[in-house]
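Structure assessment
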Amino acid sequence: LTLGVILALSPIGDMLLRRARDYLDGMTERPVTTALRRLAERMLNFRAELLAGHRQWALMAAGALVAAADYLSVFFLLRAFGWHLPLLAPVAVWAIVSLGAALPSAPAGIGVNQLACILGLGIFGIPAADAFAFSLALQVASFGAIMLALLLVFGVRMHRRPTGPMRPRLRLGKRTAAKA
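The rules behind these values
Residues numbered from 1 in each chain as written. Predicted model: local features only at pLDDT ≥ 70, side-chain atom pairs only at ≥ 80, totals over all residues. Heavy atoms only, no water. Helix = DSSP H or I, 4+ residues; strand = E, 2+ residues; numbered from the N terminus. Buried < 20%, exposed > 50% of the residue type's maximum accessible area, 1.4 Å probe, protein only. Contact = heavy atoms within 4.5 Å. Phe/Tyr/Trp six-rings, centres within 6.5 Å; stacked < 30°, edge-to-face > 60°. 1 Å grid on protein atoms, 1.4 Å probe; cavity = no way out; pocket = protein on both sides within 12 Å on 5 of 7 lines; lining within 4 Å. Points joined across faces, edges and corners; volume = space filled by probe spheres on them. Core = buried A, V, L, I, M, F, W, Y, C linked by side-chain atoms within 4.5 Å. Expected span 1.5 Å × (residues − 1). Arc of directions from axis to C-beta. Patch = residues over 30% accessible without salt bridge, like charges linked within 9 Å, V, L, I, M, F, W, Y side chains within 5 Å. Areas by Shrake-Rupley, 256 points an atom, 1.4 Å probe, with all protein chains shown as cover. Salt bridge = Lys/Arg side-chain N within 4 Å of Asp/Glu carboxyl O. pLDDT = per-residue confidence, 0-100.

**Looking at the overall build of the chain**
Looking only at helices and strands, one finds 7 helices and 0 strands in the chain. Counting helices and strands in the order they occur from the N terminus, the chain gives α-α-α-α-α-α-α. Expressed as a percentage of its 180 residues, the buried residues of the chain come to 23%. A fraction of 53% describes how many contacts in the chain between residues 6 or more apart in sequence connect residues 24 or more apart.

**Comments concerning the packing of aromatic side chains**
Throughout the structure, instances matching the rule amount to 5 aromatic pairs. Centroid distance F81 to F134: 5.6 Å. Interplanar angle 70 degrees. Geometry classified as edge-to-face. Note that F81 is positioned in the loop between α4 (55–80) and α5 (89–101) and F134 in helix α7 (residues 128–158), a separation of 53 residues in sequence. A relative accessible area of 32% means that F81 is categorised as partly exposed. Here a set of aromatic residues connected by ring pairs shows up, and it is made of Y71, F75 and F76.

**Brief notes about empty space enclosed by the protein**
Unfilled space is identified by rolling a water-sized probe across the atoms. Counted under the stated rule, the structure contains 1 cavity of 30 Å³ or more. Considering only enclosed or pocket space, the largest cavity measures out at about 30 Å³ in volume. For the largest cavity, the full set of lining residues is F75, L78, R79, W83, L85, P86, A89 and P90. Looking at the lining of the largest cavity element by element, the count peaks at 3 residues for α4.

**Considering the nonpolar core**
In this structure, L78, W83, L85, L121 and F134 are the most contacted members of the largest nonpolar core, which totals 15 residues. Contributing elements (two or more residues each) for this core: α4, α5, α6 (112–122) and α7. Leave out the neighbours within four places in its chain, and F134 touches V74, L77, L78, F81, W83, V93, C117 and L121.

**Considerations on α5**
The terminal C-alpha atoms of α5, which comprises 13 residues, lie 18 Å apart, in line with the 18 Å expected from a rise of 1.5 Å per residue. Within the span of α5, buried status applies to A89, P90, V93, V97 and G100. Down the axis of α5, the buried side of the element spans an arc of 95 degrees, and every buried residue falls inside it.

**Regarding a nonpolar patch on the surface**
There is a patch of nonpolar side chains on the surface, built from V32, L36, L39 and M43 and spanning about 360 Å² of accessible area. Residue placement: M43 occurs in helix α3 (residues 31–51).

**Examining the side chain of S135**
Within the secondary structure, S135 is located in helix α7. For S135, the residues in contact, after removing those within four places along its chain, are N113, Q114 and C117.

**With respect to the confidence of the model for the chain**
In the predicted model, the chain carries a mean pLDDT of 75, and 67% of its residues have values of at least 70. Taken element by element, the predicted model of the chain shows its lowest mean pLDDT in helix α1 (residues 2–9) (55) and its highest in α6 (89).

**Quick word on the environment of R79**
When you line up the elements, R79 lands in helix α4. In this structure R79 comes out as partly exposed when scored by relative accessible area, which is 33%.

See the structure below:
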């Protein structure tokens, strides 16, 4: 995700999107090519809006922060398993798991994620059974981090006071003397 955001915001991403749009313009008119052409045009417009002003630097900083958090989570999880691997090991494991995420899999990446962790950690001599346990812990930790972030975002929004006028509350179930 981080690499995708950085690539999309870079001049290379702009060039690739423009070439895709130009390529699709040369194709015969079909529903699929029309939809892909519209998608490429929307992505170019979205990219132009993102890059307006100082948003580009904020997005790149957020991407770098996400990449650092990914690295640190894999690094500390490797340490929690008692493995003192080289400093590039978390990058290698993260890259292989990210490439594995591109493959078709069951929901939540079950299966492919485990295989990618076994391959990534196998490079450093970690047995398959231990790498499988690591992959499950990494998946739970990633899910937990996402849920925590969602709770923080929505928790902050839920505790904000409304700024507009309040609607009167309806009182249901109480009988007054006039209705009786």
